[in-house]
Amino acid sequence: MEELIQRLRDLLETPIITLDDPVEASQIVLLIVTLGTSFALAAFLRWWFRRLFNRLRLAQPLESRLLALLFLTIMIIGTILGLRFAGIGTGVLSKFFHYPLANLFQPSTTEADNIGEHNLTLARLFYAFVIVFGVFILSKYVQWILRVQVLQAFQIAQHTQFLLLRFLHYGFIILGILISLSAIGVSLTSIALIFGGLSIGIGFGLQNIASNVVSGFILIFERPIKIGDLVEIMDVNIFGRISSINLRSTVIVSLDEKEIIVPNSQLITESVHNLTHANNLFRLRVQVGVSYGSDVELVKNVLLAAADEHLGVIKEPIPNMSNVTPPFVRFTAFGNSSLDFELLAWIPDSFQRFDVASDLHFIIWHKFKEHNITIAFPQLDVHFDPKEDE
């Protein structure tokens, strides 16, 4: 038992980080325990302050930001206290973050020193991340200011606003990436080599992503679909309104407010019904079959009366659109068990087509019962041929 305790003690006293000031395993364990305690305390205070904010009825965005700020503050203070309790000096962290990463792959310090001031360190990577993240946040705020203060004031179309803000966002991101690469000492030659490797990767394993990106540019510039359009992809049974068009994918909001992420290449290669490309009008087709003993003129009048009764159906023709007509009825076929009719009616909003069709079905059902019109159902007459007894 004493030997086991001695081995454990030797393990805790073993230096793990040897950058001038050695850091023992026991110090690392004490730091981890302190960070765990800080995390538990932050979680408890987050829960307690959430209940307090709910009683104060603060707005949800403000509540989330305050809770996030509280959590980060406690974790930063816990990290500082953990370093002090563990006896780890900040100089060790400074040397650790400024340690050249090239030395991990080049043991010879003389070769690493030849790189000069362009050594790649964790600190430089952190600075690059901060630059990109800051530019991303700046882009979001600039977009919000332009959308609220400028674009809406000039009454620019929603799709045009989306294009302008999207290209502005990409411009900010590219600028931030270039600045961050310059901060970590990456030259344009290295960037060219990276893009050369990416081109090989695209040729072998990233064809799908490249296809989606190219399709995204086609959707943005050719504009077969726009923000706010109502589309229907028949092959995968997707129906909804376009909410955003990104480089790789397009977001469609369905009838039940679910966001469906569709790859851009699917919108280019497959058949897509854009129900609102030119206008929002939609023509409903309500099919019904009645029994062979029904009065066909009465059926026609009842169907027209049902369409006239619904407030969401267009009753008068539109002068500039010759195809938009008042409701009318077609006698489509003599079916096996029914006389088949079709009511065609235009509605102003294609997004309401399912609700309007359901309302018309209810109205037609009640009117058929009122006029004793029987809706046919499949029937089959079987005749037996009697045979002589054996």
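Quick note: structure is the one above.
A. The overall build of the protein chain, seen in detail. Within the protein chain, the secondary structure is distributed over 12 helices and 10 strands. Split into buried and exposed, the 390 residues of the protein chain put 30% on the buried side. Counting only contacts in the protein chain whose residues sit at least 6 apart along the sequence, the fraction spanning at least 24 positions is 62%. Roughly 26,100 Å² of accessible area belongs to the protein chain as shown, and the carbon and sulfur atoms make up 63% of that amount.

B. The arrangement of the sheet that holds strand β3 (residues 230-233) in detail. As summarised here, the arrangement of the 5 strands in space is β6-β5-β4-β3-β7, forming an open sheet in which the pairing is antiparallel. The open sheet has two free edges, formed respectively by β6 (259-263) and β7 (272-274), since each of these has just one partner strand. Here the average twist between neighbouring strands, direction ignored, is 40°. The pairing of β3 with strand β4 (residues 238-245) spans 4 bridges and is antiparallel. For Leu230, the partnering residue across the bridge sits in β4 and is Arg241.

C. Representation of the packing of helix α11 (residues 296-309) against helix α12 (residues 353-370). As a packed pair, α11 and α12 sit with axes 9 Å apart at the nearest point and diverge in direction by 135°. Of the possible angle classes, the one that applies to α11 and α12 is oblique. Like other packed secondary-structure pairs, α11 and α12 cross with a definite hand, here right-handed. Side by side, α11 and α12 meet where Val299, Val302, Leu303, Ala305, Ala306, Ala307 and Glu309 of the first sit next to Leu360, Ile363, Ile364, Lys367 and Phe368 of the second.

D. Representation of the sheet that holds strand β8 (residues 282-290) within the structure. Across the sheet, 3 strands lie side by side as β8-β10-β9; this open sheet has antiparallel pairing. Every interior strand has two partners, whereas the edge strands, β8 and β9 (328-334), have only one. Each strand of the sheet is rotated relative to its neighbour by a mean of 25°, with strand direction disregarded. For β9 and strand β10 (residues 339-347), the ladder comprises 6 bridges, and the chain directions are antiparallel. Opposite Phe334, over in β10, you have Leu339 as the bridge partner. Helix-sheet contacts for α11 involve β8, β9 and β10, and the interaxial angle to β10 is about 25°. Against the sheet, α12 makes contact with β8 and β10, and its axis sits at roughly 30° relative to β8, the strand it touches most.

E. Inspection of the pattern of salt bridges at higher detail. Following the criterion strictly, the structure yields 5 salt bridges and no others. A salt bridge links Glu63 to Arg50, with the shortest nitrogen-to-oxygen separation between them at 3.7 Å. Of this pair, Glu63 sits in helix α3 (residues 60-86) while Arg50 sits in helix α2 (residues 25-56), and the two are 13 residues apart along the sequence. Exposure remark for Glu63: the relative accessible area of 2% places this residue in the buried category. Classification of Arg50 as partly exposed rests on a relative accessible area of 31%. Residue Lys367 pairs with Glu309 through a salt bridge whose shortest N-O separation is 3.3 Å. Of this pair, Lys367 sits in helix α12 while Glu309 sits in helix α11, and the two are 58 residues apart along the sequence.

F. Structural context of helix α6 (residues 122-151). In this model, α6 (30 residues) spans 41 Å end to end at C-alpha, consistent with the 44 Å of a helix rising 1.5 Å per residue. Along α6, the residues classified as buried are Ala123, Ala128, Val135, Ser139, Gln143 and Leu151.

G. Focus on the nonpolar core. Counting 27 residues, the largest nonpolar core has Leu284, Val290, Val299, Leu303, Phe341, Ile364 and Phe368 as its most contacted members. Those elements that provide at least two residues to this core are β8, α11, β10 and α12. If you tally residues by element for this core, the top one is α12, at 6 residues. Formed by 14 residues, the second largest nonpolar core is a distinct cluster that contains Phe162, Val231, Ile233 and Leu267.

H. How the structure looks around the packing of aromatic side chains. Enumeration according to the criterion identifies 9 aromatic pairs in this entry. Considering the side-chain rings of Phe129 and Phe133, the 6.1 Å spacing of their centres and the 15° angle between planes classify their relative orientation as stacked. A residue pair is termed a helical-turn pair when its members lie 3 or 4 positions apart in one helix, as Phe129 and Phe133 do in helix α6 at 4 residues. Just above the ring of Phe351 sits the side chain of Arg241; from NZ or CZ to the centre is 4.7 Å.

Rules used in this analysis
- Residues numbered from 1 in each chain as written.
- Predicted model: local features only at pLDDT ≥ 70, side-chain atom pairs only at ≥ 80, totals over all residues.
- Heavy atoms only, no water.
- Helix = DSSP H or I, 4+ residues; strand = E, 2+ residues; numbered from the N terminus.
- Buried < 20%, exposed > 50% of the residue type's maximum accessible area, 1.4 Å probe, protein only.
- Contact = heavy atoms within 4.5 Å.
- Areas by Shrake-Rupley, 256 points an atom, 1.4 Å probe, with all protein chains shown as cover.
- Pairing = 2+ DSSP bridges.
- Axes fitted to C-alpha atoms, helices over the stretch in contact; angles between N-to-C directions.
- Parallel < 35°, antiparallel > 145°, perpendicular 65-115°, else oblique.
- Left-handed = near helix turned anticlockwise from the far one by under 90°.
- Salt bridge = Lys/Arg side-chain N within 4 Å of Asp/Glu carboxyl O.
- Expected span 1.5 Å × (residues − 1).
- Core = buried A, V, L, I, M, F, W, Y, C linked by side-chain atoms within 4.5 Å.
- Phe/Tyr/Trp six-rings, centres within 6.5 Å; stacked < 30°, edge-to-face > 60°.
- Lys NZ or Arg CZ within 6 Å of the ring centre and 35° of its normal.

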